[in-house]
Amino acid sequence: MFTRRHDLDWLRIIAFGLLIFYHIGMFFNTEGWHAKSTHANDTMEPIMWLSSPWRLPLLFFISGVALRFLSDKLGSAGFARERFIRLLSVILFGMYVIVAPQTYVELLRAGEIGPNVWDFYQGYAFQWDGPWSVHTPTWNHLWYVVYLFVYSLLLAPLIPLLRSGADGGFMRRAGELFARPVIGPVLLVALPVIPFLVIRFTLAAQFPTTHALLDDWANHAGSLTILLYGYAFAKNGALWRAVDRALPVVGGLTLVLFAFLLAAYTNFEAALEHDAIIWTARIARIVFAWSIILTLTGLAQRFLNRDGPARRYLTEAIFPFYILHQTITVTAGYWMAQQGWGVWTEFAALTAVTLGGCVLGFEIIRRVAWLRPLFGLKGMPRPRPVATPAE
């Protein structure tokens, strides 16, 4: 009997939370983004790069677990219908309402539009791929929802086949093999990494990541693979036991890879002069992405598999936080960049406004029935009947 995985709820909250802080960091680093601080610098870039290989893969892994539980509950047709209704409204509302201000700020900074918001929005909403340097309308940070929507509909007809494979003898034996002493942790890391190595050194060279859906084949291959891993793990007790037993080994490996990659990224120009270091770093980055997912899921099983008011609140709140946060960061950051504040004042203010805006937005959204589905929430909960004393 499988019950709700509170540990994965917490990991989902943590992953989305890191994404929010990552995007705050994008305002301050030297990479191109929708809005930039006048204090932009590369101090935090190595740490940000180290989060990039695994943040979204972890979310897709957890989404694969959720796909298994939801599709078992609803069946193939019911699952497809639920995903279509629930995610499509988020995507359309996100593109035409939530994301539009980000594009407005980006084009205003670039000098491609004037300050008149309505003139901009007419071109953004009513002219496909308008006359600007960025495609409009766009989904920006909501690409994860778009991809999850597409993957869910593509996989829905295959649910019986996927369930049969996940519950079959091969996956049971795989769990038992991975749980063996010594060799088990090695295989648990090495075998699932192979598809990602193949993708990195074949598709990735031809199809760099774009988040544009139709030409993003390397990203699709990796994201869909990790989502299917989540599906396979979801109800396989032997695999979860293997993750727990392997935790000391994969945790140690993750720390070693983290230290090596941090050194390589911090001294990137020097590393570029040595092919052996660069190729080792490329392979290490892929192994690190999987090993840290194993480490985090193992730690979560041991220490985060518990319920409470904070988990219940944040489990519902974190998806609206994700939808709202980047627009708040971009628009507030654009205004703050013109105020002449110091970097720490700007960072503190932007962090406070982003988090405060997310909380305030969610508190409004959760109370308005027609807003809830536009942010991925279920309908208004029915009030519990008030118990009255027996006469």
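What comes next concerns the included structure. (Residues numbered from 1 in each chain as written. Predicted model: local features only at pLDDT ≥ 70, side-chain atom pairs only at ≥ 80, totals over all residues. Heavy atoms only, no water.)

For the rest of this paragraph, the subject is the overall build of the chain. Secondary structure assignment for the chain yields 16 helices and 0 strands. Over its C-alpha atoms the chain spans a radius of gyration of 22 Å, differing by no more than 12% from the 21 Å that the globule rule assigns to 391 residues. Along the three orthogonal principal directions, the C-alpha set of the chain runs to about 85 × 65 × 40 Å. A buried classification covers 50% of the 391 residues belonging to the chain. Long-range contacts, defined here as pairs at least 24 residues apart, represent 76% of the contacts in the chain between residues at least 6 apart. Total accessible area computed for the chain in this model is approximately 19,400 Å², and 67% of it derives from carbon and sulfur atoms. (Helix = DSSP H or I, 4+ residues; strand = E, 2+ residues; numbered from the N terminus. Rg over C-alpha atoms; globule rule 2.2 N^0.38 Å. Buried < 20%, exposed > 50% of the residue type's maximum accessible area, 1.4 Å probe, protein only. Contact = heavy atoms within 4.5 Å. Areas by Shrake-Rupley, 256 points an atom, 1.4 Å probe, with all protein chains shown as cover.)

In total, this model carries 14 salt bridges according to the counting rule given. Residue Asp72 is joined to Arg163 by a salt bridge in which the shortest nitrogen-to-oxygen separation is 2.9 Å. You can see Asp72 sitting in helix H3 (residues 55-98) and its partner Arg163 sitting in helix H7 (residues 159-167), a full 91 residues away along the chain. The exposure class assigned to Asp72 is partly exposed, which follows from its relative accessible area of 25%. The salt bridge partner of Lys235 is Asp72, with a shortest N-O separation of 2.8 Å. Placement of Lys235 in the loop between helix H11 (217-233) and helix H12 (237-266) and of Asp72 in helix H3 is noted, with a sequence separation of 163 residues between them. (Salt bridge = Lys/Arg side-chain N within 4 Å of Asp/Glu carboxyl O.)

Moving on, we get to the packing of helix H9 (residues 183-201) against H12. The geometry of H9 relative to H12 is characterised by a closest axis approach of 9 Å and an angle of 75 degrees between their N-to-C directions. Overall, the two elements H9 and H12 adopt an arrangement that is roughly perpendicular. In this structure, H9 contributes Pro185, Leu188 and Val189 to the contact, and H12 contributes Ala242, Val243, Ala246, Val249, Val250 and Leu253. Here the contact of H9 with H12 is composed, by residue class, of 9 nonpolar, no polar and no charged. (Axes fitted to C-alpha atoms, helices over the stretch in contact; angles between N-to-C directions. Parallel < 35°, antiparallel > 145°, perpendicular 65-115°, else oblique. Nonpolar A, V, L, I, M, F, W, Y, C, P; charged D, E, K, R; others polar.)

Turning our eyes to something else, we now look at a nonpolar patch on the surface. A cluster of nonpolar side chains, Met44, Ile47 and Phe258, forms an exposed patch at the surface whose accessible area comes to about 260 Å². Tracing the sequence through the fold places Phe258 in helix H12. Owing to a relative accessible area of 32%, Phe258 belongs among the partly exposed residues under this scheme. (Patch = residues over 30% accessible without salt bridge, like charges linked within 9 Å, V, L, I, M, F, W, Y side chains within 5 Å.)

In this fold, Gly342 is placed in the loop between helix H15 (309-336) and helix H16 (343-365). The exposure class of Gly342 is partly exposed, given its relative accessible area of 35%. Each C-alpha atom, one on Gly342 and one on Thr38, is 9.4 Å from the other, the two residues being 304 residues apart in sequence.

This paragraph deals with the layout of surface pockets. In this structure, the second largest pocket spans a volume of roughly 1,200 Å³. Those elements giving two or more residues to the lining of the second largest pocket turn out to be helix H1 (6-28), H3, helix H6 (143-155) and H15. At 14 residues, the largest contribution of residues to the lining of the second largest pocket is made by H3. Tallied by class, the residues present in the lining of the second largest pocket amount to 15 nonpolar, 5 polar and 13 charged. (1 Å grid on protein atoms, 1.4 Å probe; cavity = no way out; pocket = protein on both sides within 12 Å on 5 of 7 lines; lining within 4 Å. Points joined across faces, edges and corners; volume = space filled by probe spheres on them.)

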